[in-house]
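# Observations on chain architecture
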Amino acid sequence: AGLPVASASTYARSRGLAYDRYAQTDAGGNFRFDYLAVGDVSLAAVDTTTRNVASVMVPLASQGAQVTQDLHFPQPGSVGGTITRADGSPAGDACVALWPLNNALGYVDISDSTRADAAGLYEFASVVPGPLAIHASDCNDTLNGIGTVTVAAGLRSTLDVQFGNALKMPVP
């Protein structure tokens with residue numbers, strides 16, 4: 001159990017349907033969805049302050065079924081490391097972006113971005129646990145690097161990224 005989260009964005013998606021229902025939690029952290037399809041329903045909540053995500057699959061066995069389901073936010077982890085040029089020197093002031101790799105909640109944007117310091121060091125202090133991609137560039141997209149890491153709840157992961165293993169593809 002944890003503390004209720006007011007004003008969290010909650011979503012419900014019935015398996016096989018590309019339609020999401022949306023509700024915001026009240027002051028007590030409560031939410032409600034009516035008229036969902038029978039079968040498996042994905043429930044998710046996003047804490048709009050921390051961008052932490054809680055999700056669960058709930059079976060609805062029959063029409064008119066009523067289900068009570070609590071959602072619990074996982075303890076966030078963190079990730080940081082060093083951005084370097086191909087020659088190994090620090091890439092100070094590099095642009096760094098983070099994307100979740102298993103975002104089953106495609107309707108929830110939990111990507112983030114930051115800048116490396118003068119020594120090439122970057123840090124994302126509050127990250128939803130799971131596999132992530134870190135992309136670094138010289139901010140002009142001339143030099144790019146990418147890496148992947150799995151962040152565990154409550155722990156800090158390290159991922160160093162070196163320019164030279166990725167290209168910025170033009171968008172038509």
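First, a word on what this report is: a plain description of the structure on this page.

## A word on the pairing of strand β6 (residues 95-100)
Each regular strand shows side chains that alternate between the opposite faces of the sheet. Pairing analysis gives four bridges linking β6 to strand β7 (residues 112-115), with the strands arranged antiparallel. Across the sheet, C95 pairs through a bridge with R115, a residue of β7. As defined by bridge partners, β6 adjoins strand β9 (residues 130-137) across six bridges and the pair is classed as antiparallel. Counted as the bridge partner of C95 is S137 from β9.

## Topic: the environment of D138
With respect to the helices and strands, the residue D138 is situated in the loop between β9 and β10 (144-151). Of the residues examined, D138 reaches a relative accessible area of 23% and is grouped as partly exposed. For the pair D138 and T150, spaced twelve residues apart in sequence, the C-alpha separation works out to 24 Å.

## Focus: the packing of aromatic side chains
Ring pairs (aromatic) are described by centroid distance and by the angle formed between their planes. Across all of its chains, the model carries three aromatic pairs by this definition. A ring pair is formed by Y11 and Y22, whose centres lie 5.5 Å apart and whose planes are at 55°; its orientation type is tilted. Here Y22 lies in strand β2 (residues 20-24) and Y11 lies in strand β1 (residues 9-14), a separation of eleven residues in the sequence. Judged by relative accessible area, which is 16%, Y11 ranks as buried.

Quick notes on the rules
Residues numbered from 1 in each chain as written. Predicted model: local features only at pLDDT ≥ 70, side-chain atom pairs only at ≥ 80, totals over all residues. Heavy atoms only, no water. Pairing = 2+ DSSP bridges. Helix = DSSP H or I, 4+ residues; strand = E, 2+ residues; numbered from the N terminus. Buried < 20%, exposed > 50% of the residue type's maximum accessible area, 1.4 Å probe, protein only. Phe/Tyr/Trp six-rings, centres within 6.5 Å; stacked < 30°, edge-to-face > 60°.

Worth remembering: the numbers are spatial, not functional.
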